[in-house]
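# Summary of the model geometry
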Amino acid sequence: IQKPGSDMNHLAESDTIARYLLSEYSDLSPSFQPENPRSNQICRWHDVYLTPIQGCLYKPASRLPVGDYADRKSALKAFRKNLEIIEGFMSDDGVYLCGKEV
(Lines give C-alpha, C1' and ligand atoms only; values in the text may rest on other atoms or scores of the structure.)
Protein backbone atom coordinates (compact mmCIF):
# COMPACT_ATOMS: atom_id res chain seq x y z
CA ILE A 1 0.00 0.00 0.00
CA GLN A 2 1.07 3.58 -0.41
CA LYS A 3 -0.70 6.61 1.02
CA PRO A 4 -1.13 9.37 -1.58
CA GLY A 5 1.28 12.22 -0.89
CA SER A 6 3.41 10.09 1.42
CA ASP A 7 7.12 9.59 0.92
CA MET A 8 6.83 6.14 2.48
CA ASN A 9 7.80 3.27 0.21
CA HIS A 10 5.37 0.54 -0.66
CA LEU A 11 4.58 -1.84 2.18
CA ALA A 12 4.36 -5.56 1.72
CA GLU A 13 3.42 -8.35 4.13
CA SER A 14 0.03 -8.31 5.79
CA ASP A 15 1.17 -7.87 9.41
CA THR A 16 3.27 -4.83 8.49
CA ILE A 17 0.39 -3.31 6.51
CA ALA A 18 -2.07 -3.91 9.36
CA ARG A 19 0.26 -2.31 11.91
CA TYR A 20 0.82 0.67 9.60
CA LEU A 21 -2.92 1.20 9.15
CA LEU A 22 -3.55 0.94 12.90
CA SER A 23 -0.88 3.57 13.56
CA GLU A 24 -1.72 5.87 10.66
CA TYR A 25 -5.44 6.01 11.42
CA SER A 26 -5.36 5.65 15.21
CA ASP A 27 -7.31 8.90 15.62
CA LEU A 28 -10.38 7.48 13.82
CA SER A 29 -13.09 5.36 15.40
CA PRO A 30 -13.72 2.56 16.03
CA SER A 31 -10.31 1.36 17.09
CA PHE A 32 -9.43 -2.14 16.01
CA GLN A 33 -6.60 -2.31 18.51
CA PRO A 34 -7.90 -2.99 21.99
CA GLU A 35 -6.21 -1.36 24.93
CA ASN A 36 -5.47 -4.79 26.26
CA PRO A 37 -1.99 -6.35 26.14
CA ARG A 38 -3.55 -9.81 25.95
CA SER A 39 -4.47 -9.22 22.31
CA ASN A 40 -0.81 -9.02 21.33
CA GLN A 41 0.01 -12.02 23.49
CA ILE A 42 -2.69 -14.11 21.79
CA CYS A 43 -1.54 -13.08 18.29
CA ARG A 44 2.12 -13.77 19.01
CA TRP A 45 1.37 -17.11 20.64
CA HIS A 46 -0.64 -18.10 17.58
CA ASP A 47 2.07 -16.95 15.18
CA VAL A 48 4.94 -18.61 17.04
CA TYR A 49 3.40 -21.87 18.28
CA LEU A 50 0.35 -22.67 16.12
CA THR A 51 1.23 -21.44 12.64
CA PRO A 52 4.31 -23.67 12.20
CA ILE A 53 2.31 -26.83 12.95
CA GLN A 54 -1.15 -26.00 11.62
CA GLY A 55 -0.46 -28.30 8.68
CA CYS A 56 -1.17 -31.22 11.02
CA LEU A 57 -4.85 -30.35 10.66
CA TYR A 58 -4.98 -31.08 6.93
CA LYS A 59 -1.72 -32.47 5.52
CA PRO A 60 -1.58 -36.15 4.63
CA ALA A 61 0.90 -38.42 6.41
CA SER A 62 3.11 -38.33 3.33
CA ARG A 63 3.82 -34.62 3.98
CA LEU A 64 5.26 -35.15 7.46
CA PRO A 65 7.09 -34.17 9.60
CA VAL A 66 5.14 -31.14 10.74
CA GLY A 67 7.34 -28.50 12.36
CA ASP A 68 9.38 -30.16 15.10
CA TYR A 69 7.02 -33.15 15.35
CA ALA A 70 7.78 -36.46 13.66
CA ASP A 71 4.16 -37.57 13.35
CA ARG A 72 0.72 -36.11 13.00
CA LYS A 73 -0.50 -37.40 16.37
CA SER A 74 2.19 -35.57 18.35
CA ALA A 75 1.70 -32.39 16.29
CA LEU A 76 -2.07 -32.49 16.95
CA LYS A 77 -1.41 -32.97 20.66
CA ALA A 78 0.86 -29.90 20.69
CA PHE A 79 -1.69 -27.93 18.65
CA ARG A 80 -4.46 -28.72 21.16
CA LYS A 81 -2.19 -27.82 24.07
CA ASN A 82 -1.42 -24.43 22.54
CA LEU A 83 -5.10 -23.76 21.84
CA GLU A 84 -5.79 -24.40 25.52
CA ILE A 85 -3.03 -21.95 26.47
CA ILE A 86 -4.57 -19.30 24.19
CA GLU A 87 -7.97 -20.01 25.71
CA GLY A 88 -6.44 -19.21 29.11
CA PHE A 89 -5.41 -15.77 27.81
CA MET A 90 -8.97 -14.92 26.74
CA SER A 91 -11.27 -12.66 28.67
CA ASP A 92 -14.49 -13.87 30.30
CA ASP A 93 -16.05 -10.40 30.31
CA GLY A 94 -17.16 -10.00 26.71
CA VAL A 95 -17.95 -11.56 23.39
CA TYR A 96 -14.51 -10.90 21.88
CA LEU A 97 -11.17 -12.51 22.72
CA CYS A 98 -10.10 -9.72 25.03
CA GLY A 99 -13.34 -8.25 26.31
CA LYS A 100 -16.16 -6.06 25.10
CA GLU A 101 -14.30 -4.29 22.25
CA VAL A 102 -13.27 -5.61 18.85
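Data block above holds the structure.
Structure report, in brief. (Residues numbered from 1 in each chain as written. Predicted model: local features only at pLDDT ≥ 70, side-chain atom pairs only at ≥ 80, totals over all residues. Heavy atoms only, no water.)

As a further point, take the layout of surface pockets. Volume-wise, the second largest pocket comes out at about 150 Å³. For the second largest pocket, the lining is made up of 10 residues, of which Leu22, Tyr25, Pro30, Ser31 and Phe32 are closest to its centre. Taken together, the residues of the lining of the second largest pocket break down into 6 nonpolar, 4 polar and no charged. (1 Å grid on protein atoms, 1.4 Å probe; cavity = no way out; pocket = protein on both sides within 12 Å on 5 of 7 lines; lining within 4 Å. Points joined across faces, edges and corners; volume = space filled by probe spheres on them. Nonpolar A, V, L, I, M, F, W, Y, C, P; charged D, E, K, R; others polar.)

This part covers helix α2 (residues 37-50). Taking 1.5 Å per residue as the helical rise, α2 with its 14 residues ought to reach 20 Å, and the 19 Å between its terminal C-alpha atoms agrees with that figure. Every buried residue belonging to α2 is among Ser39, Ile42 and Leu50, and all of these are buried. Down the axis of α2, the buried set is contained in an arc of 65°. They therefore lie on one face. Of the surrounding elements, those touching the buried residues of α2 are α3 (72-89). (Helix = DSSP H or I, 4+ residues; strand = E, 2+ residues; numbered from the N terminus. Expected span 1.5 Å × (residues − 1). Buried < 20%, exposed > 50% of the residue type's maximum accessible area, 1.4 Å probe, protein only. Arc of directions from axis to C-beta. Contact = heavy atoms within 4.5 Å.)

Geometry of a packed helix pair, given as the angle between the helix axes and the separation of the axes. Between α2 and α3, the least distance of the axes is 10 Å, while the angle of their chain directions is 175°. With respect to α3, the axis of α2 lies roughly antiparallel. Facing α2, whose interface residues are Arg38, Gln41, Ile42, Trp45, His46, Tyr49 and Leu50, α3 presents Phe79, Asn82, Leu83, Ile85, Ile86 and Phe89. A class-by-class count of the residues in the contact of α2 with α3 yields 9 nonpolar, 3 polar and 1 charged. (Axes fitted to C-alpha atoms, helices over the stretch in contact; angles between N-to-C directions. Parallel < 35°, antiparallel > 145°, perpendicular 65-115°, else oblique.)

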